[in-house]
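Listed below are the residues making up each chain.
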Amino acid sequence: MIIIITYDITEKARLEDTHCTKGTHSFRNTIDTYNVMLLWRRRTAREETAALADIVLIYASMTGNTEEMADAIAAGIRSEGGEVVVKSVMDANASELERYDAVLLGAYTWGDGELPDEFLDFYEEMDDIRLTGRKAAVFGSCDSCYPEYGAAVDLLINKLRETGADVVLPGLKVELSPSTEEAETCRRFGSEFVKLAASGAARS
Ligand SMILES: Cc1cc2nc3c(=O)[nH]c(=O)nc-3n(C[C@H](O)[C@H](O)[C@H](O)COP(=O)(O)O)c2cc1C
């Protein structure tokens with residue numbers, strides 16, 4: 001904390017020297033005080049977000065499209081100062097979800113509007129957990145060639161609701177690999193989610 005503030009003041013003072021060599025000592029002091037306050041406020045806001053929003057993101061991805069979405073969503077969360085644990089569904093079990101304030105699930109759709117095989121055990125285990133009070137959202141890559149577009153996203157939303165979770169955003173479905181614009185939409189999804197999670201997360 002002290003190191004960051006000192007660095008920032010030095011940088012600002014250097015800038016001040018470059019642009020206004022006749023700047024008075026007291027004026028510089030005022031700027032330094034302002035910078036310290038600004039940093040303190042920014043840091044406090046980030047600590048609050050991180051403290052309140054303990055987020056886990058669990059995804060399945062066979063060819064990498066949903067994983068790209070997961071990475072962009074996690075980047076959006078971190079850009080707000082939030083912290084997120086990102087895991088493949090193959091390394092996770094549903095009971096872990098109860099340890100977190102907020103839950104993100106991501107899955108591509110398989111077969112005829114089905115969950116990926118690697119999500120099936122996890123999905124069944126969700127029958128045995130309660131996520132009352134947790135914020136949640138779901139995303140996944142899809143393909144509009146199939147009649148059941150992104151059905152896995154809808155299945156997971158319904159299952160989360162059955163556990164008592166509060167699904168706070170509409171499911172985010174992206175056609176195949178996210179374009180630059182869609183990756184940005186994913187980042188915004190993450191940043192919006194962490195704000196919603198921070199604004200009222202409470203574990204039961
Ligand atoms: C056999 C098969 C069945 C699929 N079924 C669907 C489907 O019912 N609905 C859909 O939206 N996409 C379907 N898809 C498309 C995948 O969801 C899509 O390719 C997705 O981008 C894969 O995501 P991933 O790269 O994260 O694995 C299917 C793909 C395959 C190969």
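As annotated in an unreviewed UniProt entry, the chain carries the name Flavodoxin and is attributed to Cohnella phaseoli. If you open the UniProt record of the chain and go to Cofactor (unreviewed entry), you find "FMN". For the chain, the Function (unreviewed entry) comment in UniProt is given as "Low-potential electron donor to a number of redox enzymes."

Mind showing me how you'd approach the overall build of the chain here?
Of regular secondary structure, the chain possesses 6 helices and 6 strands. Listed by position from the N terminus, the elements making up the chain come as α-α-β-α-β-β-α-β-α-β-β-α. Within the chain, buried positions represent 33% of all 204 residues. A fraction of 80% describes how many contacts in the chain between residues 6 or more apart in sequence connect residues 24 or more apart.

I would appreciate a short explanation of the site of the ligand in the present structure.
For the ligand, the set of nearby residues contains 21 residues, the closest of which are Ser 61, Asn 65, Thr 66, Tyr 108 and Cys 142. When contributions to the shell around the ligand are tallied by element, the ones reaching two or more residues are helix H3 (65-79) and strand S4 (135-142). When its residues are assigned to classes, the shell around the ligand shows 8 nonpolar, 10 polar and 3 charged.

About the thresholds
Residues numbered from 1 in each chain as written. Predicted model: local features only at pLDDT ≥ 70, side-chain atom pairs only at ≥ 80, totals over all residues. UniProt positions renumbered as here; feature names shortened; annotations may be inferred. Helix = DSSP H or I, 4+ residues; strand = E, 2+ residues; numbered from the N terminus. Buried ≥ 20, exposed ≤ 12 C-beta atoms within 10 Å, placed from the backbone. Contact = placed C-beta atoms within 7 Å. Near = placed C-beta within 6 Å. Nonpolar A, V, L, I, M, F, W, Y, C, P; charged D, E, K, R; others polar.

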